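Letter by letter, the chains look like this.
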Amino acid sequence: MATRERAKPVTLDEEELLRKPRSPMGDAWRQLQKNKAAMISLAFIIVLIVMALTADLMHQAGWIDDYNTQHRGVGYAEPLTCANDDKDEDGVPDPVQFCFVFGADELGRDLLSRTIYGTRVSLAVGFIGSGVSLLIGTVYGVISGYYGGRIDNLMMRFVDFLYGIPFLPLIILMQVYFKSLSNAEVGGLAQVLVDIDNSMGGMFFLFVALGALSWIGMARLARGQVLSYKEKEFVEAARAVGAGDLRIIFIHLLPNVIGPLIVSETLAIPGYIFSEAFLSFIGLGVNPPTPSWGAMINAGREGIRSKPYLVLVPGTALALTTLAFNFLGDGLRDAFDPRLRGE
Amino acid sequence: MSGFLEAVKGVALRIADAIVRALGGTSMVKYIIRRVLAGIPVLLAITFAAFALIRAVPGGPFDFVGTKQRDERAVAALEQQFGLDKPLLIQFFNYVVNLLRGNFGPSLSRTNLGTPVSEIIAMKLPISMQVGIMAVMLGFGLGIPLGVLAAVYHNSLIDYTATFFAVLGRSIPSIVLGPVLILIFAVKLQWLPVAFWGSEPGVWIPPLNVLFSWRYISHAIMPVFTLGTGMSAGIARLTRASLLQVMRDDYIRTARAKGLPERTVIYLHALKNALIPVATIVGPLLAAVLTGTFVIELIFAIPGLGDTFVKSVSERDYNLLVGVTILYSAFLILGNILVDIMYTWLDPRIRYD
Amino acid sequence: MADGNGRPAMAGQDMGREVLLEVRGLKKYFPINAGILFQREVGAIKAVDGLDFFIYKGETLGLVGESGCGKSTTGRTILQLYRPTAGSVIFEGVELTTLKGSELRHMRRRMQMIFQDPYASLNPRMTVGRIIGEPLEVHKVARGKELIKRVQELLELVGLNSYFINRYPHEFSGGQRQRIGVARALALNPSFIVADEPISALDVSIQAQVVNLLQDLQKDLGLTYLFIAHDLSMVRHICDRVAVMYLGKIVELAESEELYTNPLQPYTQALLSAVPVPDPVVEKKRQRIILKGDVPSPANPPKGCNFCTRCPVAMDICFETEPPFVEVSPGHWAACHRLI
Ligand SMILES: Nc1ncnc2c1ncn2[C@@H]1O[C@H](COP(=O)(O)OP(=O)(O)O)[C@@H](O)[C@H]1O
Ligand SMILES: [Mg+2]
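Residues numbered from 1 in each chain as written. Chains lettered and ligands numbered in written order. Predicted model: local features only at pLDDT ≥ 70, side-chain atom pairs only at ≥ 80, totals over all residues. Heavy atoms only, no water.

A tally of helices and strands in chain A yields 13 helices and two strands. Looking at the 343 residues of chain A, the share that counts as buried comes to 52%. For chain A, contacts bridging at least 24 residues in sequence account for 69% of all contacts bridging at least 6. Surface summary for chain A: the accessible area is close to 15500 Å², and the carbon and sulfur share equals 63%. (Helix = DSSP H or I, 4+ residues; strand = E, 2+ residues; numbered from the N terminus. Buried < 20%, exposed > 50% of the residue type's maximum accessible area, 1.4 Å probe, protein only. Contact = heavy atoms within 4.5 Å. Areas by Shrake-Rupley, 256 points an atom, 1.4 Å probe, with all protein chains shown as cover.)

Structure, rendered in structure tokens:
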């Protein structure tokens, strides 16, 4: 072998050497930044989150009302009107003037304040619903896909089983049942749960009901992802090196499979928000007077002929929020999966 | 006589054979049969869940008895008449036995007391189906052209506009879109009738002979549009992605290289293949129609199955609630089987044997 | 001479040389499951079906055969990445097939693997430093600064710049990635490496570089290789001895030169007839033996000799009984009824 090349170092120019490393996450983030709709949506969602978290502070600062403050004598105030409030109990008129930017409902409650407080319910349902579903679905799907064989078979038969559940009728029945609990004395551990639910304005059981029925699709997706990665050679390499199951799952599989799962959950958030809005719409969501956009829309529907703002204000908030989550989700999907951009 | 039987048997066998072949061979038939059989325990479990859940809620169907105060004796008599005094498991067993005979039991609601639930379903289901089917038609009719347009003019203004509208359509919840449409077209413009909150008599009458009357159409436009836009958005997105995928495949490039005009390539070659995955949306769509009509019926006061279900909750009409849940569940299970079958037909790599 | 377990040495071993790895009766069957509702076993893929061979310390044994004949499965079963269905694997005097848990993990430090696909064999979400450092981390050999230093050494060892430590795999070319894979395999100072078609997926221009790297490392570190390849032309210069595999069995094994000049088994002859020869005179006379038919399914191998369905010189007995794997001349084994 005369023309034998020594295995010499690959030579590189200075610039190439000092270039910063590009992580896959960083690439995705840069890609997302290019997507204007997604970035605007992200900003909007952040504003919503801040609003939801600071609603009480804004109330204490006197910018907005509490969600249940009733301005006496000003039922159905039109938007952009102000009224003198006589909320003092002692009969002495209080000279404080309150302006209803978006009007007030039949009880004289400021619509803007209630809409801001309503952000809490929608975001909580959206994030916790998707969070619970992501958690259960991922754990279930990863176990099923990773261990395979009989375990996988059994677990997937159970998922198939759940696929036959008609979501809406069953969730309605579940909510009817949970609602009946909140008025009853049940005692024991159940009482603790009922108390939690009451203190959360009826949201807790909503999370349970939504979470219990919505992780199935996520489990299938997670399993499929794990199946496609676990046969990859880098997993085999980790095994050859002596890595245990937990290390392989957490260090090698999860970081690779989680992207599409998060994208899919982001795109599912509007679904949870819809579900809550719909359940509140038929009176099976959060307990009044906790404001929820769905409940507000339903309440406003009766007077839509003369007071359309009662529907339009919470309706716009609901539509904009779901729009933002959809744009963000689409943007994330494109950023994570360059193939879909069609380049 | 035996010759006649032989002939009948021969014909029957030939028909069975044709069906088997149409379904894609015996393994597929076996697969379908097994899947349907596997659906039975699911159905049974869901029946039991609904059955137990609704009975666990305080209050019963006969709380309306007695004007000022509850008449315990009358309630007890009614409960005995409808078998509600028995232990839960016995009731369930009786219910399932009846179910196997195709009997969903009598309605327990105040207004329809004793009417067979199957009769109520037979009356309400067609109404829901009309809305659903028209919405699906609108969904495909709007969604496919939109998706094709977006894919053909990929990364152009048209694409962005179409995609934007698709996201918009997906994002506006029907509980918002419905009332807004009513506000614009019924209240302000007064072009269409407000079909809700009981101010109007029930005009939603199903017979086909009124299908094309303006009265029927005018009542249908808003609910169908409300339900259909969300679907069309999903279909448009799927069509676009699928078409883009197919257009990148080799044989399309070959067709282009052969010099076929762009439009022929798209219509003849790409679209045919691109629509394959779109067809599989039928499963999720079925679920969307089922749950979608729930919402639509409430907003537009359409006396369909969803509307009846929600009303029955407060009336504690046990049999109707359970019956409708079973019906929806059966639809879902069959829909899922249908989707899996379509996948095997469309993708020969998947085998079920 | 006896190995660590007190077992007699395999026939034909050169008593003067130390045997690093010995494989006896190795089998690996993959179950075939079927069923819609609940899966049951309906058969088995006989991916590896009874192998007997050994590898001398410091040598390179080539394992050659068509795609799907069970080469990768052999490599993985030896390393206990798949647990064998039957047989034994004795490595450095230790029976591997019965080892479990921490004992097996401990042995993994001595034997490593290099993979075929340089794109699939590196985790895209880990930096090169973490990939190469993983073996050190798992075995708690080094941490912190020490680990980084060792990783940098390894990078230099395989001819990569140690600046690359924080880069991600997608920033490298195929050849560079393969070097990263080699560095990972070397991290724990193993004595034995299974190289599963390490150059098949690379550009021809890069292949020589990686082969040279592997040979340099062998010389410097005293490594022993099981070098898997799917065609004979590649292994001639790399391997000291070559084993030819067909449908889960080794059909011939000999010193490289002996195998190339004097192939005994009809399948080996057919494979060799497809290899171009640099000598134009010989090349002209070269006659390709075209095998008819397809390789049978490993789920349903033929009765008798596995090669009987395609063998141009098959006899009646070939369809009835399996030929034994015998030492035809010193150091040259083959399985064929015509040789007995
Ligand atoms: N994990 C596995 N499960 C089932 N069958 C497998 C598995 N790995 C390999 N096989 C089968 O075993 C046979 C040998 O495969 P392999 O060892 O990868 O061949 P080679 O590396 O020689 O191309 C093939 O038929 C393959 O389909
Ligand atoms: Mg291989």
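Additional details are given in the paragraphs that follow.
Now for empty space enclosed by the protein. All names here are of chain C. Across all of its chains, the model carries two cavities of 30 Å³ or more by this definition. Taken as a whole, the largest cavity encloses approximately 70 Å³ of empty space. Around the largest cavity sit Gln265, Pro266, Cys305, Phe307, Cys308, Cys311, Ala314, Cys318, Pro323, Ala335, Cys336 and His337, which together line it. (1 Å grid on protein atoms, 1.4 Å probe; cavity = no way out; pocket = protein on both sides within 12 Å on 5 of 7 lines; lining within 4 Å. Points joined across faces, edges and corners; volume = space filled by probe spheres on them.)

A few words now on the environment of alanine 295 of chain A. All names here are of chain A. With respect to the helices and strands, alanine 295 occurs in helix α12 (residues 293–301). Between the alpha carbons of alanine 295 and glycine 329 there is a distance of 26 Å; along the sequence they are 34 residues apart. In this view, alanine 295 contacts Ser280 and Phe281; residues no more than four positions away in its chain are not counted.

All names here are of chain C. Tracing the backbone through its elements, the reader meets glutamine 218 in helix α6 (residues 204–221). Accessibility expressed as a relative area gives 13% for glutamine 218, which makes it buried. Among the polar contacts made by the side chain of glutamine 218, one reaches the main-chain carbonyl oxygen of glutamate 59 at a distance of 3.5 Å. Contacts of glutamine 218, omitting those with residues within four sequence positions, involve Gly58, Glu59, Thr60, Leu223, Thr224 and Tyr225. (Polar contact = N/O pair within 3.5 Å; in protein donor to acceptor, adjacent residues only side chain to side chain.)

All names here are of chain B. Taking 1.5 Å of rise per residue, the 13 residues of helix α4 (residues 88–100) would be expected to cover 18 Å, and the 18 Å separating its terminal C-alpha atoms lies within 8% of that figure. Looking only at α4, the buried set comprises Gln91, Phe92, Tyr95 and Val96. Looking down the long axis of α4, one finds its buried residues gathered within 130 degrees of arc, a one-sided arrangement. Set apart from the buried face of α4 by more than 90 degrees, the exposed residues are Phe93 and Leu100. Just past α4, the residue glycine 102 takes up positive phi, approximately 80 degrees. (Expected span 1.5 Å × (residues − 1). Arc of directions from axis to C-beta.)

Right, let's get into the confidence of the model for chain B. The predicted coordinates of low-pLDDT regions are not to be read in fine detail. All names here are of chain B. On average, residues of chain B carry a pLDDT of 75, and 75% of them reach 70 or more. The weakest mean pLDDT in chain B belongs to helix α9 (residues 250–257) at 60; the strongest belongs to helix α6 (residues 157–171) at 86. Ignoring residues within four places in sequence, the model shows residues 348–353, a span with pLDDT below 50, making ten contacts including any to other chains. Among the prediction metrics, the complex's ipTM stands at 0.87, with pTM recorded as 0.81. (pLDDT = per-residue confidence, 0-100.)

Taken together, the contact between chain B and chain A spans 46 residues of the former and 41 residues of the latter. Across the interface of chain B and chain A, roughly 3900 Å² is buried in total on both sides, 78% from carbon and sulfur atoms. One can count two salt bridges joining chain B with chain A. For aspartate 330 of chain A, the salt bridge is made with arginine 170 of chain B, and the minimal N-O distance between the two is 2.8 Å. One can count five residue pairs in polar contact (both at pLDDT 80 or more) joining chain B with chain A. No other element matches the eight residues that helix α2 (residues 26–56) of chain B contributes to the side of chain B that touches chain A. (Buried area = accessible area lost by both parts, 1.4 Å probe. Salt bridge = Lys/Arg side-chain N within 4 Å of Asp/Glu carboxyl O.)

It is worth spelling out the site of ligand 1 at this point. Residues and elements named next belong to chain C. The local shell around ligand 1 holds 13 residues, among which Gly68, Gly70, Lys71, Ser72 and Thr73 are the closest. Within the side chain of serine 72, an N or O atom sits 2.6 Å from an oxygen atom of ligand 1. Of all the elements in the fold, those that place two or more residues in the shell around ligand 1 are β2 (40–56) and α1 (71–78). Per-element tally for the shell around ligand 1: the top contributor is α1, with three residues. Considering only residue class, the shell around ligand 1 consists of six nonpolar, five polar and two charged. (Near = heavy atom within 4 Å. Nonpolar A, V, L, I, M, F, W, Y, C, P; charged D, E, K, R; others polar.)

All names here are of chain A. Residues at a pLDDT of 70 or more form 82% of chain A, whose mean pLDDT is 79. Helix α10 (residues 233–241) holds the highest mean pLDDT among the elements of chain A, 93, whereas helix α1 (residues 14–18) holds the lowest, 63. Here residues 1–8 is a poorly scored stretch, pLDDT under 50, and it has ten contacts once near neighbours within four places are set aside; other chains count.

For the rest of this paragraph, the subject is the sheet that holds strand β8 (residues 224–229) of chain C. What holds strands together in a sheet is hydrogen bonding between their backbones, with the strands either parallel or antiparallel. All names here are of chain C. Strands sit in the order β6-β7-β8-β3-β9-β10-β12-β11 across an open sheet of eight strands; the sheet is mixed. Unpaired on one side and paired on the other, β6 (111–114) and β11 (326–329) mark the two borders of the sheet. Each neighbouring strand pair of the sheet contributes to a mean axis angle of 25 degrees, computed without reference to strand direction. In terms of strand pairing, strand β10 (residues 249–255) meets strand β12 (residues 332–334) through two bridges, oriented antiparallel. Residue pairing for β12: leucine 253 is matched across the bridge by tryptophan 333. (Pairing = 2+ DSSP bridges. Axes fitted to C-alpha atoms, helices over the stretch in contact; angles between N-to-C directions.)

Residues and elements named next belong to chain B. Locating threonine 226 in the fold gives a position in helix α8 (residues 214–248). Among the residues examined, threonine 226 registers a relative accessible area of 5% and is labelled buried. Once residues within four sequence positions are removed from consideration, threonine 226 is found in contact with Ser174, Leu177, Gly178, Leu181, Ile296 and Phe300.

What follows covers the packing of helix α3 (residues 36–60) of chain A against helix α4 (residues 111–147) of chain A. Residues and elements named next belong to chain A. At their nearest, the axes of α3 and α4 sit 9 Å apart, and the two run at 130 degrees to each other. Considering the angle they form, α3 stands oblique to α4. Crossing of α3 over α4 shows left-handed handedness. Touching Ile45, Leu48, Ile49, Met51, Ala52, Ala55, Asp56, Met58 and His59 of α3 are Ile116, Tyr117, Thr119, Arg120, Leu123 and Phe127, all from α4. (Parallel < 35°, antiparallel > 145°, perpendicular 65-115°, else oblique. Left-handed = near helix turned anticlockwise from the far one by under 90°.)

Let us look at a nonpolar patch on the surface. Residue and element names in this part refer to chain A. Nonpolar side chains collect at one region of the surface, where Leu135, Ile136, Val139, Ile143, Tyr147 and Ile151 lie side by side and expose about 520 Å² of accessible area between them. Broken down by element, the nonpolar patch gets its largest block of residues, five residues, from α4. Here isoleucine 143 shows up in helix α4. (Patch = residues over 30% accessible without salt bridge, like charges linked within 9 Å, V, L, I, M, F, W, Y side chains within 5 Å.)

On to the environment of valine 257 of chain A. Residues and elements named next belong to chain A. Relative to the elements of secondary structure, valine 257 occurs in helix α11 (residues 245–281). Residues valine 257 and leucine 227, 30 residues apart in the sequence, show an inter-C-alpha distance of 9.9 Å. Here valine 257 is in contact with Gln225, Val226 and Tyr229, once residues within four sequence places are set aside.

What the rule picks out here adds up to 22 salt bridges over all chains. A salt bridge links glutamate 153 of chain C to lysine 149 of chain C; the nearest nitrogen and oxygen atoms lie 3.8 Å apart. Residue glutamate 153 of chain C and its partner lysine 149 of chain C are located together in helix α4 (residues 144–157), separated by four residues, close to a single helical turn. The partly exposed category is assigned to glutamate 153 of chain C, whose relative accessible area is 40%. Linking arginine 150 of chain C and glutamate 153 of chain C is a salt bridge whose minimum nitrogen-to-oxygen distance equals 3.5 Å. Taken together, the residues span about one helical turn, with arginine 150 of chain C and glutamate 153 of chain C both in helix α4 at a distance of three residues. Each member of the salt-bridge network shares a partner with another, and the members are Asp330, Arg333 and Asp334 of chain A together with Arg170 and Arg237 of chain B.

Let's shift gears to the packing of aromatic side chains. For any two aromatic rings, the description comes down to two numbers: the centre-to-centre distance and the angle of the planes. Residue and element names in this part refer to chain C. This structure, assessed with the given rule, holds 20 aromatic pairs over all chains. Measuring from centroid to centroid gives 5.8 Å for phenylalanine 54 and tryptophan 333, while their planes differ by 80 degrees, and the two rings are edge-to-face. With phenylalanine 54 in strand β2 and tryptophan 333 in strand β12, this residue pair connects regions lying 279 residues apart in the sequence. What makes phenylalanine 54 buried here is its relative accessible area of 3%. By relative accessible area, which is 9% here, tryptophan 333 ends up buried. With a centroid separation of 5.2 Å and an interplanar angle of 65 degrees, the aromatic rings of tyrosine 267 and phenylalanine 307 are classed as edge-to-face. Highlighted residues: tyrosine 267 in helix α9 (residues 266–273) and phenylalanine 307 in the loop between α10 (280–285) and β11, separated in sequence by 40 residues. (Phe/Tyr/Trp six-rings, centres within 6.5 Å; stacked < 30°, edge-to-face > 60°.)

With that settled, the discussion passes to unusual backbone geometry. Residue and element names in this part refer to chain C. We note that glutamine 80 has phi near 65 degrees; this positive angle belongs to a residue other than glycine. Mapped onto the fold, glutamine 80 is located in the loop between α1 and β4 (86–91). Residue glutamine 80 is classed as buried on the basis of its relative accessible area, which comes to 3%. Of note, the phi angle at lysine 140 is positive, near 50 degrees, even though the residue is not glycine. Looking at where lysine 140 falls in the secondary structure, it is placed in the loop between α3 (128–138) and α4. The class of lysine 140 is exposed, set by a relative accessible area of 69%.

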